[in-house]
Amino acid sequence: MLADKRKRSVIDIINEHIEEFEQWLNQFEETLTEKPSWSKKNSAIEPLKNIAVHPKEVTMTVDLPFTKENTLQVKPLDENTLEISASTKRKIRLNELGITHQEGEIQKFHCHARLPVPVQMDKMEIRFKKGILEIRLPRKHETRRRKQ
Amino acid sequence: MGEEINIIEKAKIPSGATMFFGFPDAGLVGVIAASEMIEQLKLAEVAYMDSKFLPPVIVLHEGLPHSTIRIFGDEKILLAISDIPVPADLLYPMMHTLIEWGTNKHVKLMISLSGIPMQDRQDAKELKAFAAASTPEALKMAENKGVEILTDGYMVGPQAIMLQQCSQKGIPALAMLAQCYLNYPDPEAAAVVLQELEKVSGIKVSISKLLEKGEEIRLRARDVMKRTQQEMTNVKKGQEYDIPMYVS
């Protein structure tokens, strides 16, 4: 039994390292990919977001200023990806944001967020306060551990 | 590196001014507050920084190039601001150069405007601002004027270098920090730091426009914030959340 416990804790440690490495890899990929934060084609801007992995849950915040709260949508695309979108309070011309070499406008925030660890999508909780979207998702492995 | 960073003066620099710093950092509090000061006090660009160590970036305004690190001012105020995050390895020589320059201009007080990250910031009903100082006299002055003192903790970024260097040289300096989001632009925190600034400097800047236009400012500041996040990771800004262990 003690051996089992040790074995599991070693696996847990390795898993934690893998999770940390995946997080680092995600950040590294974002750093490497120099792309605009806005899309003229989709009239969309990508919001700032942060994901934190805790022992029992994953929390994500998304900065969505100047949005209509009733247009906010958070949709699971698969077991580890969320799609987030919200319309802006009005159309914002690109030149209002200081982009003067192209014409176009922004009408919404839009992004996909890949979660670094398995989560229970069906238990997702969201709230929106002061233009900040907060998403909380229980982690999957915690449930398994409790059942054992 | 310090000798290869130059400050080019474009106008007559006053003697005995108060010098402010507003650099990209937590919540972009310093930059947002400094921008509001420049606009409302109608400060003019009086100098700029030039160095081969700066990133190869200029800011275009009305078709003309400007350095990303500039000093604005009038007869009583000097304000150094950066439009883009300063690379971590340039922070120390940049602050050293600015402090040397300010000392040569007989600046009477240096004040860095910034933020201090707060967990669950969106749930805060009221934001607080704090001050830390380079000398016991400057600390007493801030305390006497009703500013709460940041007594313990870690400080990371330009304001940390400013306090340390000014302490070594005996120059009065304050770091004014408002509670803020770490990774999201925070105009509300910038408003709080400007309110506290009035207590120590007597400089009044209206915060109504800042609060009214807060959401638009957050949207516009999105890209600068994203790049600042990367530099804050490089300087380990998250250390400001750490439980301090001061060995006395």
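Everything numeric in this text was worked out from a predicted model, so none of it was measured. (Residues numbered from 1 in each chain as written. Chains lettered and ligands numbered in written order. Predicted model: local features only at pLDDT ≥ 70, side-chain atom pairs only at ≥ 80, totals over all residues. Heavy atoms only, no water.)

### Section: the sheet that holds strand E7 (residues 105-114) of chain A
Residues and elements named next belong to chain A. The following threshold applies: Strands are labelled as partners when DSSP assigns at least two bridges between them. Helix and strand assignments follow DSSP, with helices taken as H or I runs no shorter than four residues and strands as E runs no shorter than two, numbered in order from the N terminus.
Spatially, the 5 strands line up as an open sheet ordered E1-E2-E7-E6-E5, and their pairing is mixed. At either margin of the open sheet sits one strand with a lone partner, and together these are strand E1 (38-39) and strand E5 (73-78). With 9 bridges joining them, strand E6 (residues 81-93) and E7 adopt antiparallel strand pairing. Note that in E7 the partner of alanine 86 across the bridge is phenylalanine 109.

### Remarks on the interface of chain A and chain B
For clarity, the threshold we go by: Any two residues whose heavy atoms approach within 4.5 Å at even a single point are treated as in contact. Buried area is understood as the total, over both parts, of accessible area removed when two parts are fitted together, assessed with a 1.4 Å probe. Here a salt bridge means any side-chain nitrogen of Lys or Arg lying within 4 Å of a carboxyl oxygen belonging to Asp or Glu.
Chain A puts 30 residues into the contact, and the matching count from chain B is 20 residues. Summed over both sides, the interface of chain A with chain B buries roughly 2,200 Å², with 45% coming from carbon and sulfur. Looking at the side of chain A facing chain B, the largest losses of area belong to Leu48, Phe66 and Lys130 of chain A, adding up to 28% of the total buried there. The interface formed by chain A and chain B includes 5 salt bridges. Across the pair glutamate 216 of chain B and arginine 90 of chain A runs a salt bridge, and its minimum N-O distance is 4.0 Å.

### Some words on the nonpolar core
Residues and elements named next belong to chain B. Spelled out, the test is: Side-chain atoms within 4.5 Å link the members of a nonpolar core, which is a set of buried Ala, Val, Leu, Ile, Met, Phe, Trp, Tyr and Cys residues. Summary of the burial criterion: residues with accessible area below 20% of their type's maximum are buried, those above 50% are exposed, and those between are partly exposed, where the area comes from a 1.4 Å probe applied to protein chains only.
Residues Leu79, Ile111 and Met176 are the most contacted members of the largest nonpolar core, which totals 50 residues. Sorting the residues of this core by element identifies helix H1 (29-40), strand E7 (77-82), strand E8 (109-117), strand E9 (129-133), helix H3 (136-144), strand E11 (173-180), helix H5 (187-201) and helix H8 (222-234) as the ones contributing at least two each. If you tally residues by element for this core, the top one is H5, at 8 residues. In this structure, leucine 79 is in contact with Phe20, Ala34, Met37, Ile38, Leu43, Arg70, Ile71 and Phe72, ignoring residues within four places of it in sequence. Judged by nonpolar contacts, the second largest core, of 33 residues, contains Ile13, Phe23, Leu54 and Ile99.

### Re unusual backbone geometry
Here the phi dihedral of phenylalanine 66 of chain A falls at roughly 65°; this positive angle occurs in a residue that is not glycine. Looking at the secondary structure, you find phenylalanine 66 of chain A in the loop between strand E4 (57-63) and E5. The phi dihedral of histidine 106 of chain B falls on the positive side, at around 55°, and the residue is not glycine. Here histidine 106 of chain B is to be found in the loop between helix H2 (88-104) and E8. Under the relative-accessibility criterion, histidine 106 of chain B is labelled exposed at 56%.

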